[in-house]
Amino acid sequence: MGPPQPIEALIRIEDDHWVFERADPAALANVRHRIVVHENGAPLSLGGCTDMDTALSVARRMAELDGRVVLIEPV
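My aim in this report is to walk through the structure given alongside it, one point at a time. (Residues numbered from 1 in each chain as written. Predicted model: local features only at pLDDT ≥ 70, side-chain atom pairs only at ≥ 80, totals over all residues. Heavy atoms only, no water.)

Strand order in the open sheet formed by three strands is 4-3-5, with antiparallel pairing between adjacent strands. Of all strands in the sheet, those with a lone pairing partner are strand 4 (42-49) and strand 5 (71-74), marking the two edges. Along the sheet, successive strands turn relative to each other by an average axial angle of 35°, direction set aside. Alignment of strand 3 (residues 33-39) against strand 4, held across seven bridges, turns out to be antiparallel. Bridged to His38 within strand 4 is Pro43. Helix 2 (residues 52-66) contacts strand 3, strand 4 and strand 5 of the sheet and is inclined by roughly 20° relative to strand 3. (Pairing = 2+ DSSP bridges. Helix = DSSP H or I, 4+ residues; strand = E, 2+ residues; numbered from the N terminus. Axes fitted to C-alpha atoms, helices over the stretch in contact; angles between N-to-C directions. Contact = heavy atoms within 4.5 Å.)

As a further point, take helix 2. For helix 2, with 15 residues, the first-to-last C-alpha span of 20 Å sits near the 21 Å given by 1.5 Å per residue. Along helix 2, the positions that sit buried rather than exposed are Thr54, Ala55, Val58, Ala59 and Met62. All buried residues of helix 2 fall inside an arc of 130° around its axis, so they share one side. What points out from helix 2, more than 90 degrees from its buried face, is the exposed set Asp53 and Glu64. Where the residues of helix 2 are buried, they touch strand 3, strand 4 and strand 5. Two to three positions downstream of the cap, the backbone nitrogen of Asp53 sits 3.2 Å from a side-chain oxygen, assigning the N-cap of helix 2 to Asp51. (Expected span 1.5 Å × (residues − 1). Buried < 20%, exposed > 50% of the residue type's maximum accessible area, 1.4 Å probe, protein only. Arc of directions from axis to C-beta. Polar contact = N/O pair within 3.5 Å; in protein donor to acceptor, adjacent residues only side chain to side chain.)

Attention now goes to the pairing of strand 2 (residues 17-20). Remember that side chains alternate between the two faces of the sheet whenever the strand is regular. Pairing between strand 1 (residues 11-14) and strand 2: four bridges, direction antiparallel. Each residue of the ladder has a partner; that of Ile13, found in strand 2, is Trp18. Hairpin connection between strand 1 and strand 2: a loop of two residues separates the two successive antiparallel strands, and Asp15 in this loop has a positive phi of roughly 55°.

The next subject is the pairing of strand 3. In sequence, strand 3 turns back onto strand 4 through a hairpin of two residues, with Asn40 there showing a positive phi of about 55°. Bridging between strand 3 and strand 5 involves four bridges; their strand directions are antiparallel. From the neighbouring strand, Ile35 faces strand 5, where its bridge partner is Ile72.

What follows is the structure in structure tokens.
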């Protein structure tokens, strides 16, 4: 599925308080496809991939292991 790409968290907990952060555009610049599943009837975005081959591999593996329908959306 390719090497993992570090992406900064948007929300973290620090000293029992929520800390909201903005995503660094440079970290997301190469993401081209979003992996989406439906959770309780609503779409849930799980992450992104840099190319279609990786997105297909992730979707296929999730479908095999989880039995879910996985949607690949262009970003």
